[in-house]
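As a plain string of letters, each chain reads:
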Amino acid sequence: MKGFTAHTGVALPLMTDNMNTDVIIPSREMKRVSKVGLADGLFANIRYADGKRQPDPAFLLNRAEYADASVLMLGRNAGCGSSREHAVWALADYGFRAVLAESFATIFHDNCVANGIVPVALPRATLDRIADWVMDNPSERQVTVDLSAGHVEADGAHVFEIAPLAQRMLIEGLSPIDLTLEDRPLIDAFTEADRARRGWLYRAGQG
Amino acid sequence: MGQTLYQKIRAAHEVRRFEDGSSLVYIDRIMLHERTGSIALSNMIDEGRGIMTPEMVFSTIDHIVDTRPGRPDGTRMPGGQVFLDEMRRTTGQLGLRLFGTDDPRQGIVHVIAPEQGIALPGITMVCPDSHTCTLGGLGALAWGIGSTDCEHALAARTLRIAGHRQMRIRLEGRRPGWLTAKDIIIHLICRFGAGFGAGHVIEFAGPVVEAMEVEERLTLCNMGVEFAAFTALVAPDRKTLDYVQGRAFAPRAEDVPEAEAQWLALTSDADAAFDRDIVVDVSEIAPTVSWGTSPEHATPVDGLLPGGPGLEAAYRYAGLEPGTPILGQPIDGAFIGSCTNSRLSDLRCAAALLRGRKVPDGVRAVCAPGSTAVKLAAEAEGLDAVFREAGFEWHEAGCAFCFYAGGETFPPGARVVSSTNRNFEGRQGPGVRTHIASPETVAWSAVNGRISDVREVLS
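About the cut-offs
Residues numbered from 1 in each chain as written. Chains lettered and ligands numbered in written order. Predicted model: local features only at pLDDT ≥ 70, side-chain atom pairs only at ≥ 80, totals over all residues. Heavy atoms only, no water. Helix = DSSP H or I, 4+ residues; strand = E, 2+ residues; numbered from the N terminus. Rg over C-alpha atoms; globule rule 2.2 N^0.38 Å. Buried < 20%, exposed > 50% of the residue type's maximum accessible area, 1.4 Å probe, protein only. Contact = heavy atoms within 4.5 Å. Areas by Shrake-Rupley, 256 points an atom, 1.4 Å probe, with all protein chains shown as cover. Lys, Arg positive; Asp, Glu negative; His and termini not counted. Charge placed at Lys NZ, Arg CZ, Asp CG, Glu CD. Phe/Tyr/Trp six-rings, centres within 6.5 Å; stacked < 30°, edge-to-face > 60°. Disulfide = S-S within 2.5 Å. Buried area = accessible area lost by both parts, 1.4 Å probe. Salt bridge = Lys/Arg side-chain N within 4 Å of Asp/Glu carboxyl O. Pairing = 2+ DSSP bridges. Axes fitted to C-alpha atoms, helices over the stretch in contact; angles between N-to-C directions.

A. Local environment of the overall build of chain B. What chain B contains, in helices and strands, is 16 helices and 19 strands. Radius of gyration (C-alpha) of chain B: 21 Å, near the 23 Å computed for a compact globule of 459 residues. By its C-alpha atoms, chain B is 55 × 50 × 45 Å across when sized along the principal axes. When burial is assessed residue by residue, chain B has 68% of its 459 residues classed as buried. Excluding contacts between residues fewer than 6 apart, the proportion of contacts in chain B whose partners are at least 24 apart in sequence is 74%. Just so you have it, chain B exposes about 14100 Å², and 50% of that area is on carbon and sulfur atoms. Here chain B contributes 44 positive and 57 negative side-chain charges, whose respective centroids are spaced 1 Å apart.

Here it is in structure tokens:
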């Protein structure tokens, strides 16, 4: 995975509360056993009119000034609902690199980090201010997410907090699995001790 | 200071503690289904990663498999066959257990996990499916993850989790006989908001929870994720232990005393501290149904629909008006199934209201038992005949009706009362208006052809 230091791009201020992953990508759009090729299904239910592939002009992403958006803006409880990582893969496939929201659903948050998308939590008032500023001229007024510095630049700098591990994983583009496997001796030692403590689990029925 | 139930389970699984409060925790058992598991497994094969402990992995086919009676071994989702084929190929190649469509142990992951003794008190469990929190009803620390985390758990038998805040919701007061666990959890989400549990582990406790049957506790915890919680759980007690005993993947008879002694110690200490400690009097809760497009859009069945800012889109989708009653709204469909409410106890409660009654013409009613074992057990006691004679379709076990993947659905615009957990826009199909409710409310509404109050018949 590519490392992330800072990104500047067009923001898409949807600002929706409780934006669920069914809306980010409907289940019927998850057609392949694959993490790529999902951009077309992104927001399909609200992006296309009448169930056909006709862009609905009422949806912000279909307007020319937002078409190149790479910073998604949502309200509270962003990415709630289904655990489908396809929601994040579809965002990444379209070109999104960061999501700004008031709060995140846990699974969606972790899926973002696992796929190089920066989840940025900001107070609602800050988000509303950024959204107003962006909407005046979306293509000119681009938003910068500076992960190393821990702030968003958009009509001023707005500091955000992110867990140190998530920050490091995103910046270095690390594979969490490889990182954990460095602790293999610890895991093996735990298993050994656990087998003595909870033998019932290791000897449990095997069907 | 004492420890909470969650802290005890977490501490017993901590392989490594990090400075930021996160921990690498040991994962005891993993469940997979074809919709998300197939991707994790094929990616692992592509990357040449091995599975650390294949015997702790349990897979099934539940999400998009056809549930029509006597189903063909396929899916009605256009292009969906590849998920079934990949699940069979990858589990075969990696030597994993698969409860396929020809296996009597097949069913919805969160239904078969307790049923087969895969979920146990005090263990850690994950599945790339958000409703894994259901298993907290047994006192397991179980949570839903994405595909990448699933690969992590498979490859390293561990996951790194953040430090969580803790919330206890104590349910007290007199519980009327007609009040279900489903009514209670929808009420809580409506009252406190769908984002209320963010960053928290929720422990459900108090005399009402202690008096609940185990399967009711599974329903309660199932919707923990609709509350935005990391997960939810209930302390195991004698009822839990009796429920678990003798199941296929549970401890062997000679190990039961030791296991039970450990499980009974899994309670929050009297002096344990919670970040939030809430008491709710259940005697004030009515049968509860959702009206809009988030589980927090709910109302007592005899209430008037709420007003307020930001609800316009939900009302537009639902085809309803604030200030009007939900009671008596004509329905087009009724569904009993899903990981929330499709266990044998749910089907019995619904059947009791369907016996001798008939769903009116124009209402399509469907029941999909949660597992093949539930279906067979229900048939053995004649429940299938009750459902069929009442006009319900009697389906095979699976998830398909709960979420639309291009296959099973109701027509656009249909108003459907459903024992499921999500009423998101389009969740059960384009334009379908889902009202989530208890199986009893679904059954009683189905035979009346309109959203109905179970107190008319159960009081």
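The structure having been displayed, the exposition proceeds.
B. Here's a closer look at the packing of aromatic side chains. All names here are of chain B. Under the counting rule described, the total for this entry stands at 15 aromatic pairs over all chains. Geometrically, the ring pair formed by Trp 143 and Phe 230 is tilted, given 5.1 Å between the ring centres and 40° between the ring planes. With Trp 143 in strand β7 (residues 141-144) and Phe 230 in the loop between α8 (214-222) and β11 (231-233), this pair connects stretches of sequence that are 87 residues apart. Residue Trp 143 is classed as buried on the basis of its relative accessible area of 3%. Summarising the aromatic geometry, the rings of Phe 192 and Phe 196 are spaced 4.9 Å apart at their centres and angled 25° between planes, so their arrangement reads as stacked.

C. The state of the cysteines, seen in detail. In total, this model carries zero disulfides over all chains according to the counting rule given. Summary of cysteine pairing: Cys112(A) is not part of a disulfide, and the nearest cysteine sulfur, belonging to Cys80(A), is at 13 Å. Cys190(B) carries a free sulfur, and the closest cysteine sulfur to it, the one in Cys80(A), is 16 Å from it. Owing to a relative accessible area of 30%, Cys190(B) belongs among the partly exposed residues under this scheme.

D. Up close: the interface of chain A and chain B. Contacts between the two partners involve 53 residues from chain A, matched on the other side by 71 residues from chain B. Buried area between chain A and chain B, summed over both chains or domains, comes out near 4900 Å², and the portion from carbon and sulfur atoms is 56%. Per-residue buried area on chain A facing chain B is highest for Val33(A), Ile177(A) and Trp200(A); these three make up 15% of the total on that side. One can count seven salt bridges joining chain A with chain B. Residue Glu296(B) is joined to Arg76(A) by a salt bridge in which the shortest nitrogen-to-oxygen separation is 3.5 Å.

E. Quick look at the sheet that holds strand β15 (residues 333-336) of chain B. Residue and element names in this part refer to chain B. The five strands lie next to each other as β17-β16-β15-β18-β19, forming an open sheet whose pairing is parallel. If you trace the sheet from one side to the other, it starts and ends with β17 (392-394) and β19 (433-436), each paired once. Taken pair by pair, the neighbouring strands of this sheet meet at an average axis angle of 20°, ignoring direction. Examined bridge by bridge, β15 and strand β18 (residues 415-418) share three bridges and lie parallel to one another. Along β18, the bridge assignment pairs Ala 334 with Val 417. On top of the sheet, helix α15 (residues 439-448) reaches β15, β17 and β18; it is set at about 150° to β15, its chief contact.

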